[in-house]
Every structure is written in C-alpha cells, then in structure tokens.
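Structural features, examined
So you can see what is in the structure, the chains are spelled out below.
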Amino acid sequence: MAELRARRRRPWRAARAVGCAVPLLALLAQLTGCAPAEGPTDQYPGAQRMLDARADAVRRHDATAFLASVDPRATAFRGSQRAVFDHLAAVPLADWRYDLMSTGAFPLPMGGDRRLAAQVRLRYRLKGFDTAPVTSVQYLTLTERDGRWWVSSDSDGASDGKGGSRQLWDQGPVRVVRGRYSLVLGGAAAPERLRDLANRVDAAVPAVSAAWKGEWARKVVVEAPDSVQKMAQLMGGDDPSGYAGIAAVTTGEAGTASVAPADRVIVNPDAYEELNELGRTVVLTHETTHVATRALTTPATPLWLSEGFADWVAYRKVHRRPTITAPELSRAVVAGRLPAGLPADADFGFRAGAERLAKAYEGGWLACRLIAEKWGEDRLIAFYRDTGKRGLRNAAARPSKPLWRPGPQPRRHRSPRPPPRWAASAPVAPAAAAWWSRRCASNSASG
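Residues numbered from 1 in each chain as written. Predicted model: local features only at pLDDT ≥ 70, side-chain atom pairs only at ≥ 80, totals over all residues. Heavy atoms only, no water.

With that settled, the discussion passes to the overall build of the protein. Within the protein, the secondary structure is distributed over 17 helices and nine strands. Contacts in the protein between residues at least 24 apart in sequence constitute 64% of all its contacts with a sequence separation of at least 6. Surface summary for the protein: the accessible area is close to 23,300 Å², and the carbon and sulfur share equals 52%. (Helix = DSSP H or I, 4+ residues; strand = E, 2+ residues; numbered from the N terminus. Contact = heavy atoms within 4.5 Å. Areas by Shrake-Rupley, 256 points an atom, 1.4 Å probe, with all protein chains shown as cover.)

Set out below in structure tokens:
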C-alpha cells in the first residue's frame, strides 16, 4: 500500500468541511481494509491468558496453579495432567511458554459449552544448555464455561491425525544425568544407559572440537526414551518401523542465524544396545558433530556432505581400512556396481532400505575422507562452510579456500600445469562422477 499522509487544512467554510468528509470516510474505509486480520489471541484473549497462567505455573513449579487450568469436569484428563506435571520435576527448565496459534484445527462434536479445537505451540528451554527454544505443537480442546477458559483434552484431534508432539515427560517419569558437556534425559528403564550416554558425549565434545574449528556451544542434550515406539513419538509420529536399525538421530532446524537452534540427540534404545563399544562411540560423535555444525548446515547442504562430514569426524582418529568402515560400498564395487555419482538426499531416507542407506552413509564418508586426504582437513571444513552459505555449485566452483593450490615453483622449470577446473570441485561436480567412481573403486579395493 502506498504511504498515506494526512495534511491539516484550514476549514474555509462549513460546506467545504462537509465536502471533505466524503473522501475522509473513503480513506478510513481503505485504512480499515488494510488493517491486519485479528489473530486467535486477539479473538480469544481469555484463552491466551489461561495458557499464560498455565505456563507460569510450570515455570514456578506450582502444581495447584497448573491444575487450575485443567477442566474440572474432565476427570481422567485431569489425572494425566497431574502426572505430566510431576514428571517435569527433575527437568531443569529455563523457560516455558504457550502460544495460541490457530483454532478449528480439528473437528469437534457439537456441545453445550463454547469449545475451541486449538493448535498451541509450546516453547521451552533447558537451563544451561539451550540458547534458543525447542518448539513443539500441541492440539488441545479449550472450553469456555461461565466466562472462564479451561484445557479439556489433548487427544480429541488424534483420530484426525492431530495428536501433536509428545515429549519425554508426556511418556512417563524423567531421569536426568548431567555430565561435563552433556545433559541426558531418559525414561525410568536402564539408568546405567543414561550414565554411559553422558560419558560418551563428554568424550565426543572435545573430539568434535578438535576437528571442527568453528564456534559452537560445546553442550549436548540427549534424550533416551525407553522404547523405539517412544522414540517415534518424540520425532512427531507413531510408527516406529522407520527407525529400525537407526541408533540415533539429531533434531533441530537448519539455519544460518548467529544463535543455533536447540538440538536434541534422540537415541533408539534397541539399535543402540546392539552396537559394540566402538559403534556407540562413533554414533554419539557423529550426532555431536551435527550439533556443532548446525548453525552452518542449511537447506543448501546436501545430505552426503552433512552426514559424510559427521562420519568423517567420528572416524577421524579410528585407523581402519575403508573396506571395513564401508563394507556395503566395498562389496558393490568388487561386484562391479560402481556408484554413478554421489548419494542423493533420497538415499538417506529412513525408509530407503538398509543396504541403500548404508551405501549412502559410506559414500558420503568416503567422499569427505578423500577431500581431507587430497586437499587437507582445513579445505574440507571450508568447503562445508561455503556450501551452507553459498550453495553447492558456488562453493565447488569458487571455494573460499581452493581445494588445489600449487606448491613452490622450482627455478628454470616450467610451472606444473594445474589440473582442469573441475578437479578443484571433483567431489561435487557432476562432470567428475566417473572420476569419483574410479576413486571409490581404488580406495575400496586397496583397503
């Protein structure tokens, strides 16, 4: 809308003043039409005030005030809410807030009281660890009765696919184990596993910092649910089949903000228990690398680079032959099934299949390993940063630190001819796919 400027004019005659009233009314109509639409907090301020009081009760550890927001007629729900509040007792909260985001989020049957099918955003931070809030979506039924708003249910939208995200404290009692760099939140089962996770993350943080020269918080929050079913709930779903064989995942939005969003390393108890000592160390170092690089990992970063780099850091001080670290890819190469190029993002999907997923991770690791060996670790890190900031093509074509740099030139000799331009971006340029396949083959075969 063009800028509107009001000019004061001296009223010469009453008739003229009346005549000016018509365009003034038209102007007011335009301004009204341009006014921002009311949001749900404007339409239902009482509901938002109730949510604010509910959040304040959590921050103050006031169970009575928290239950004062729960519908007294919803007896079973009131009991479950009391349990959720109790489960939060050991969680070191720095902040906790609710925002009414929308109404009409799921169908509700007609009833006598005024009710809202509300989408509510929960934002919380853990003391000493989160510099930005974790966000979670809840679908709540809010009921107004006698001029007061209550929370009546958090399950009415489940049949419509609006069950919302579950947190550890929604699943049961929460145990907390603190380490030097770690905070581990887990269920009631296997408390010794929580201490093991804290110890391994405490060892992983210095190892990651030695490889990744960038600034990061050097603090990691791990969530260790009691079952893969509960892990799926923490990831926002109910189907655990997509996480079979995956020992851990890292949540968190990729972004370029100076303050990295909060991350959570979520452990699959079934897959983690099947790992040997080295496997557990590698997995947690891999996930810790994701936490460290999060601020410079953007949608422009391909998964082969982000996952391959995390594996490169995890295996950096592990002296094993490539054929042992990358068995699936090695078998494929020996069988003559050379990779046509680098793994695509789709190859890393949870439902891609075990063999395809393994080859994708191994291919990403081998790519980063070869970059580090051929051009140096600093250039691998610079390439990672450039890709997140400027995209893959720009980072490959115009790296801030060239992947190839000529050495000192001997006197009275012709300068060595530099490799073709695509060689500087060989790991990422499509034109180098065949060259890269030969490198994969030679490294795997020599292992």
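That shown, we press on.
This part covers the sheet that holds strand 4 (residues 148-153). Taken together, four strands build an open sheet; the order of strands is 1-2-3-4 and the sheet is antiparallel. Since the sheet does not close on itself, it has two edges, and those belong to strand 1 (93-102) and strand 4, each with one partner. The mean angle between the axes of side-by-side strands here comes to 40°, regardless of whether they run parallel or antiparallel. Sheet topology note: the strand 1/strand 2 (residues 114-126) ladder contains eight bridges and is antiparallel. Bridging across to strand 2, D95 finds its partner in R125. (Pairing = 2+ DSSP bridges. Axes fitted to C-alpha atoms, helices over the stretch in contact; angles between N-to-C directions.)

Contact geometry of helix 14 (residues 354-375) with helix 15 (residues 377-390) gives a least axis separation of 6 Å together with a crossing angle of 130°. Classed by the angle they form, the pair helix 14 and helix 15 counts as oblique. In contact with C368, I371, A372 and W375 of helix 14, helix 15 contributes E377, R379 and L380. Here the residues of the contact of helix 14 with helix 15 are counted per class, giving five nonpolar, no polar and two charged. (Parallel < 35°, antiparallel > 145°, perpendicular 65-115°, else oblique. Nonpolar A, V, L, I, M, F, W, Y, C, P; charged D, E, K, R; others polar.)

Summarising the element assignment, D311 is placed in helix 11 (residues 303-314). Of the buried charged residues, D311 lacks a salt bridge, with R320 as the closest side chain of opposite charge at 10 Å. Sequence-distant contacts of D311, that is, excluding residues within four places in its chain, are made with H286, Y361 and W365. (Buried < 20%, exposed > 50% of the residue type's maximum accessible area, 1.4 Å probe, protein only. Lys, Arg positive; Asp, Glu negative; His and termini not counted. Salt bridge = Lys/Arg side-chain N within 4 Å of Asp/Glu carboxyl O.)

Right, let's talk about the side chain of R200 for a bit. Along the chain, R200 falls in helix 7 (residues 191-211). With a relative accessible area of 13%, R200 lands in the buried category. Side chain to side chain, R200 and T281 meet in a polar contact 2.9 Å long. Contact partners of R200, with chain neighbours within four places excluded, come to Y272, E277, R280, T281 and L284. (Polar contact = N/O pair within 3.5 Å; in protein donor to acceptor, adjacent residues only side chain to side chain.)

Taken over all residues, the pLDDT of the protein has a mean of 81, while the share at 70 or more is 77%. Taken together, the stretch residues 1-33 has pLDDT below 50 and engages in five contacts with residues farther than four places along the chain or on a different chain. Counting interchain partners and residues more than four positions distant, the pLDDT-below-50 stretch residues 403-437 has 40 contacts. (pLDDT = per-residue confidence, 0-100.)

Turning our attention to the sheet that holds strand 5 (residues 175-178). What links the strands of a sheet is backbone hydrogen bonding, and the strands pair in either a parallel or an antiparallel sense. A sheet is described by the order of its strands in space; here five strands give the open sequence 5-6-7-9-8, paired in mixed fashion. Strands with a single pairing partner mark the edges of an open sheet, and in this sheet they are strand 5 and strand 8 (248-250). With direction set aside, neighbouring strand axes in the sheet form an average angle of 20°. The sheet contact formed by strand 5 and strand 6 (residues 182-186) spans four bridges and is antiparallel. From the neighbouring strand, R178 faces strand 6, where its bridge partner is L183. The strands that helix 10 (residues 277-293) touches are strand 7 (220-224), strand 8 and strand 9 (265-267); relative to strand 8, the one it contacts most, it runs at about 5°.

Residue H61 is not a glycine yet carries a positive backbone phi of 55°. Along the polypeptide, H61 turns up in the loop between helix 3 (45-59) and helix 4 (63-67). For H61, a relative accessible area of 53% corresponds to the exposed category. A positive phi angle, near 55°, is found at D146, a position not held by glycine. Inspection of the secondary structure puts D146 in the loop between strand 3 (134-145) and strand 4. Of the residues examined, D146 reaches a relative accessible area of 81% and is grouped as exposed.

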